[in-house]
Amino acid sequence: TMDTRPEDLVITPVLTPDRRVDYHASSVVSAMVRGGIAVLDEGNRMPERAWASLAPLMDDRRYVESAVASIKIHAHPEFRLCVTMNADASVYELPGYIQSRLKPRIDIVAPPWEVQERILRLKCPAVDDQLLADVFALLEKRVEKGLHDSTRDMLSLAQYAQKLKQIGVATPLARAAAQVLEDAVA
């Protein structure tokens, strides 16, 4: 994957066919100027130096600076920045000065088992009842071991195991778990 650079979040210089340099504002800057909302998906996959370029935007100063274009851009009063983050081993640890600026923070937690079971039953009507029961048993064992799977992973697991069962795979759930879930031990 390409490393996110500070200029990727602010202004990027682009060489034109006639050898001029044009400066292109990022979607963050466009939202800042218009008073819109910028969503940084999986923000904790960005390195600290990229976050550093956003620090003054995220506090009372509400601006970004582009060293490349030698300009300071102030945010519209209605501008909002929303950052999503996943917790897994492949993400950066955010520096404290950024974490303190990410307010309010809304943690999305897994729904209770009863709700997850209802979701699986509603979204996987083609999966037979015994296989669904086995999927739930496997997922509960994983939770006991400290492994937490997303609802998307649960759906993929159940649907894929059903397909494997239909084509005659001897241990469809074990095979699906090995291919769908991280750290799978069926």
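Procedures and definitions
Residues numbered from 1 in each chain as written. Predicted model: local features only at pLDDT ≥ 70, side-chain atom pairs only at ≥ 80, totals over all residues. Heavy atoms only, no water. Helix = DSSP H or I, 4+ residues; strand = E, 2+ residues; numbered from the N terminus. Core = buried A, V, L, I, M, F, W, Y, C linked by side-chain atoms within 4.5 Å. Buried < 20%, exposed > 50% of the residue type's maximum accessible area, 1.4 Å probe, protein only. Contact = heavy atoms within 4.5 Å. Phe/Tyr/Trp six-rings, centres within 6.5 Å; stacked < 30°, edge-to-face > 60°. Lys NZ or Arg CZ within 6 Å of the ring centre and 35° of its normal. Patch = residues over 30% accessible without salt bridge, like charges linked within 9 Å, V, L, I, M, F, W, Y side chains within 5 Å. Areas by Shrake-Rupley, 256 points an atom, 1.4 Å probe, with all protein chains shown as cover. Salt bridge = Lys/Arg side-chain N within 4 Å of Asp/Glu carboxyl O.

Asker: Whenever I open this one, the environment of Gly35 confuses me. Can you help?
Answerer: For Gly35, the location among the structural elements is in the loop between helix 2 (27-34) and strand 3 (37-40). Considering only alpha carbons, one finds Gly35 and Val115, 80 residues apart in sequence, at a separation of 37 Å.

Asker: Explain the nonpolar core to me, please; I cannot follow it from the model alone.
Answerer: Generally speaking, nonpolar side chains in soluble globular proteins are found buried as a group. Grouped together as the largest cluster of nonpolar side chains are 24 residues, with contacts concentrated most on Met32, Leu40, Trp51, Leu54, Leu57 and Val64. It is helix 2 that contributes the most residues to this core, four residues altogether. Apart from the residues within four sequence positions on either side, Met32 is in contact with Leu57, Tyr63, Val64, Ile73, His74, Ala75, His76 and Phe79. With 20 residues, the next largest nonpolar core counts Leu120, Leu138, Leu139 and Ala158 among its residues.

Asker: Explain the packing of aromatic side chains here, please?
Answerer: Describing an aromatic ring pair means giving the distance of the ring centres and the angle of the ring planes. Per the counting criterion, the structure on display carries zero aromatic pairs. We note Lys72 situated over the ring of Tyr63; from NZ or CZ to the ring centre the distance is 4.4 Å.

Asker: Hey, could you run me through a nonpolar patch on the surface in this one?
Answerer: Nonpolar side chains collect at one region of the surface, where Leu15, Val21, Tyr23 and Val68 lie side by side and expose about 380 Å² of accessible area between them. Here Val68 is to be found in the loop between strand 4 (63-66) and strand 5 (71-74). Residue classification places Val68 among the partly exposed positions, given a relative accessible area of 36%.

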